[in-house]
Amino acid sequence: MRRWKQYGGLAGLFAVCLAAGLWGFRSTGGSLPWAKRSAKALQRGVKDGGGALVDFGRGIVVAGPIRKGGLMLEFFGVVALLAVVGIGLYVYVDRYRGLDSTGRAPRQP
């Protein structure tokens, strides 16, 4: 495949993703609803006083919507999946660290 076709395809994919993102941003009202919600949460936190940002005495700290929505099993599934992928990548890189660009081990002198 020619290089200009590859770059053109990549540019087209980028344009489609950018257009979809902008459409989604505008259809949900943009950043204004999120900014208002964030400002209210910050003001409520300042007004109520503060506690520890992380309190390990209560157990694992999980965001309220995940905990209250009954999504704990899914949350721990995603965490476990990411841990397995991370360990797998670590083992993969450790195993294939000594290979050259052709995929063969370098010759021993």
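Preceding this section is the structure that the text describes.
These numbers were taken from a predicted model, which means no experiment stands behind them.

## Observations concerning the environment of Phe-25
Then, number 1: Note on placement: Phe-25 falls in helix α1 (residues 3–27).
Then, number 2: For Phe-25, a relative accessible area of 43% corresponds to the partly exposed category.
Then, number 3: Aside from chain neighbours lying at most four places away, what touches Phe-25 is Gly-30 and Ser-31.

## Considering the packing of aromatic side chains
Then, number 1: Under the criterion given, the structure shown has one aromatic pair.
Then, number 2: Judged by centre distance (5.5 Å) and plane angle (65°), the ring pair of Phe-75 and Phe-76 falls under edge-to-face.

## A few points about a nonpolar patch on the surface
Then, number 1: Taken together, the side chains of Tyr-7, Leu-10 and Leu-13 present a nonpolar region at the surface, about 360 Å² in accessible area.
Then, number 2: Relative to the assigned elements, Tyr-7 resides in helix α1.
Then, number 3: On the basis of relative accessible area, Tyr-7 is assigned to the exposed category, the value being 55%.

Conventions adopted
- Residues numbered from 1 in each chain as written.
- Predicted model: local features only at pLDDT ≥ 70, side-chain atom pairs only at ≥ 80, totals over all residues.
- Heavy atoms only, no water.
- Helix = DSSP H or I, 4+ residues; strand = E, 2+ residues; numbered from the N terminus.
- Buried < 20%, exposed > 50% of the residue type's maximum accessible area, 1.4 Å probe, protein only.
- Contact = heavy atoms within 4.5 Å.
- Phe/Tyr/Trp six-rings, centres within 6.5 Å; stacked < 30°, edge-to-face > 60°.
- Patch = residues over 30% accessible without salt bridge, like charges linked within 9 Å, V, L, I, M, F, W, Y side chains within 5 Å.
- Areas by Shrake-Rupley, 256 points an atom, 1.4 Å probe, with all protein chains shown as cover.
- Salt bridge = Lys/Arg side-chain N within 4 Å of Asp/Glu carboxyl O.

Geometric values such as these leave the question of function open.
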